[in-house]
Amino acid sequence: MKLLAIDSSGLVASVAIIEDNNLLGEYTINYKKTHSQTLLPMLDEVAKMIELDKASLDAIAVSAGPGSFTGLRIGSATAKGLGLALNKPLIHVPTVDALAYNLWGTDKLICPLMDARRQQVYTGLYEFAENEFHILLEQCAIGIDEIIEKVNAMGRPVIFLGDGIDVLAEEIKEHCKVPFSFAPAGMNKQRAASVALLGKELYEKGKTVSAAEHAPDYLRLSQAERERKEKERDFRI
Amino acid sequence: MIKETEKEIKILAIESSCDETAAAVVVNGRDLRSNVISSQIDLHTLYGGVVPEIASRKHIEKINQVIEQALSDADMTLDDMDAIGVTYGPGLIGALLVGVAEAKAISYAKDIPLVGVHHIEGHISANYIENKDLEPPFLCLVVSGGHTHLVKVADYGKYEILGRTRDDAAGEAFDKVARAIGLGYPGGPKIEKVSYEGNSDAIAFPRAKIADGVYDFSFSGLKSAVLNYLNGCRMKGEEINQADVAASFQKSVTDVLVEHAMHAIDEYKMDKFAIAGGVASNGVIRQALEEACKKKGVAFYRPSPILCTDNAAMIGAAAYYDFIAGKRAGLDLNAVANLKLGE
């Protein structure tokens, strides 16, 4: 079983190819160039390095949101183009879930934090129990105070990770009442290898979609739609 | 290198620069085999104009279906394609990126050469599909919701911009005026429709001239003049004749377009003139330009309305001439929102 995985949901661009229980190659970049400029050249390079026969892929896993709207679409359009051309299904991997999967096997609570702006984070709560991945709080966009409250209510040690930490570390230090730590570099940002591994679990459960069907999960309306809904609501009141 | 002109060159073209998701198959730049356009116009009508984020979201939902439809309508597969052409600017960045990322992925997956196409070059090239005898050099007026360019097409892929708008595009002025007189979005077709019931000489709106650019356009002054006129009427309690305002405004735009075009035809001694872009499907503007060309004995060319609005067929036509000239894009091709013609 061979999977290609792509993540361009945040600051990081990452591609990986796994075959059964082996990571054949992974390429992750966290640099100022745009995903549009880096993603396919990265895939091309790693594919050449491992002499990938593209037709041998079973599916393409894509980190499908939430995240940067434009970043998600670059990843999704790339996956959809590959799926269309190679006639392969796509695996829609929730971004926050894949981020949590970076910390496979920990006995601590896992809390990914992605900066969602507008005083919110894209987050969720996860744990590994008897080597099984469990979702305790599905990925969502909520206030940082809200997620810290939920973490405190769990009453157990937690590891935070994600690009949200860069801006929220002080707030966490101030309000988090349970023992906490921050994941180190190498584990604390999106990695396509995690997308691939979680994608493999989903693939084995038959959870694939056609390339045509796939679209990102933004977890948020566009600003124009939101404002229109607010106006309609105000009007009704 | 094989002589590519002797072979049939089949191109899959993709366009997503604004609010239409489009794909087409074009053979040898002029033979249109399929032309699929998924328009989002109803969605944006709610907001009185195109909302970039909504447009981008719709593109990603539709793009695979549109491409698959274009291939199946042409009775071909990706394996038949010699190249993929994609619009990489100018346009809405988020919208462009969907088409660019998709095109690059297909190009990479199937090892099909990729050609990046300028959106305006596409509009101009729409004329090649409709008019098999048209060859450069000719003069082209590109008028749409986002662009107003007077271009000398010196040769395939060689453009000299003689004039462009300094502020609003012609189509933008139509949208704004239509909104102001209560016609709604999209302004172009709605103004044209009511204009037939109005008197185009009823109100004397200005025809802007630009001192340091004979061929440049300015439509924001005209738009302001219309708004001032409307305000004046309201203050005086006078009734506004929607059809007269629409007809007079449209006349003012038409006069400027005709004047600039004819001036350039004379100065550059052109014997062929073509129009392109969404506003080129406006019947009044089209007729005025055609008549003015006739008077001068200049051949007049125009694409049919379906090739005037944004479409991928025109991108396929432009991509063909770029392709045979050896132009290729790499896997790092990026979308460029304000891409200049000739870059």
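Our structure's up above, just so we're on the same page.
The present account deals with the structure reproduced in this document. Bear in mind the structure is a predicted one, so any value in this text is a computation, not a measurement.

What counts and how
- Residues numbered from 1 in each chain as written.
- Chains lettered and ligands numbered in written order.
- Predicted model: local features only at pLDDT ≥ 70, side-chain atom pairs only at ≥ 80, totals over all residues.
- Helix = DSSP H or I, 4+ residues; strand = E, 2+ residues; numbered from the N terminus.
- Rg over C-alpha atoms; globule rule 2.2 N^0.38 Å.
- Buried ≥ 20, exposed ≤ 12 C-beta atoms within 10 Å, placed from the backbone.
- Contact = placed C-beta atoms within 7 Å.
- Nonpolar A, V, L, I, M, F, W, Y, C, P; charged D, E, K, R; others polar.
- Pairing = 2+ DSSP bridges.
- Axes fitted to C-alpha atoms, helices over the stretch in contact; angles between N-to-C directions.
- Core = buried A, V, L, I, M, F, W, Y, C linked by C-beta atoms within 7 Å.
- Parallel < 35°, antiparallel > 145°, perpendicular 65-115°, else oblique.
- Left-handed = near helix turned anticlockwise from the far one by under 90°.

Section: the overall build of chain B
Across its full length, chain B carries 11 helices and 10 strands. The C-alpha atoms of chain B give a radius of gyration of 20 Å, which matches the 20 Å a tight globule of 343 residues would have. C-alpha atoms of chain B, sized along the principal axes, occupy 70 × 45 × 35 Å. With 343 residues in all, chain B has 55% of them scored as buried. Of the contacts formed within chain B by residues at least 6 apart in sequence, a portion of 75% connects residues at least 24 apart.

Examining the interface of chain A and chain B
Each side of the interface is counted separately: chain A has 28 residues, and chain B has 31 residues. Those elements giving two or more residues to the side of chain A that touches chain B turn out to be helix 1 (35-49), helix 2 (69-86) and helix 7 (223-236) of chain A. At 13 residues, the largest contribution of residues to the side of chain A that touches chain B is made by helix 2 of chain A. In terms of residue class, the side of chain A that touches chain B is made up of 14 nonpolar, nine polar and five charged.

Overview of the pairing of strand 1 (residues 2-7) of chain A
Residues and elements named next belong to chain A. Most of strand 1 sits inside the fold, with five of its six residues counted as buried. Hairpin connection from strand 1 to strand 2 (residues 13-19): five residues lie between these consecutive antiparallel strands. In the sheet, strand 1 pairs with strand 4 (residues 59-63) via four bridges, with the strands oriented parallel. Bridged to Ala5 within strand 4 is Ala61.

Some remarks on the sheet that holds strand 2 of chain A
Residues and elements named next belong to chain A. Reading across from one edge, 3-2-1-4-5 is the order of the five strands in this open sheet, with mixed pairing throughout. In this open sheet, the two strands that pair with only one neighbour each are strand 3 (22-29) and strand 5 (90-93). Put simply, the sheet's adjacent strands are angled 15° from each other on average, direction ignored. The sheet contacts of helix 1 involve strand 1, strand 2 and strand 3, and relative to strand 2 the element is tilted by about 25°.

Quick notes on the nonpolar core
All names here are of chain B. Counting 173 residues, the largest nonpolar core has Ala13, Ala23, Ala24 and Ala313 as the members making the most contacts within it. At 11 residues, the largest contribution of residues to this core is made by helix 3 (residues 93-110). Filtering out sequence-adjacent residues up to four positions away, Ala23 remains in contact with Leu12, Ala13, Ile14, Val36, Val66, Ile67, Ala70 and Ala312.

Examining the packing of helix 8 (residues 242-267) of chain B against helix 9 (residues 283-296) of chain B
Residues and elements named next belong to chain B. Helix 9 packs onto helix 8 with a crossing angle of 30° between their chain directions and a minimal axis gap of 10 Å. Classified by the angle between their axes, helix 8 and helix 9 sit roughly parallel to one another. Seen along the crossing, helix 8 lies across helix 9 with a hand that is right-handed. Residues Gln250, Thr254, Leu257, Val258, Ala261, Met262 and Ile265 of helix 8 form the contact with helix 9, whose own contacting residues are Val284, Ile285, Ala288, Leu289, Ala292 and Lys296.

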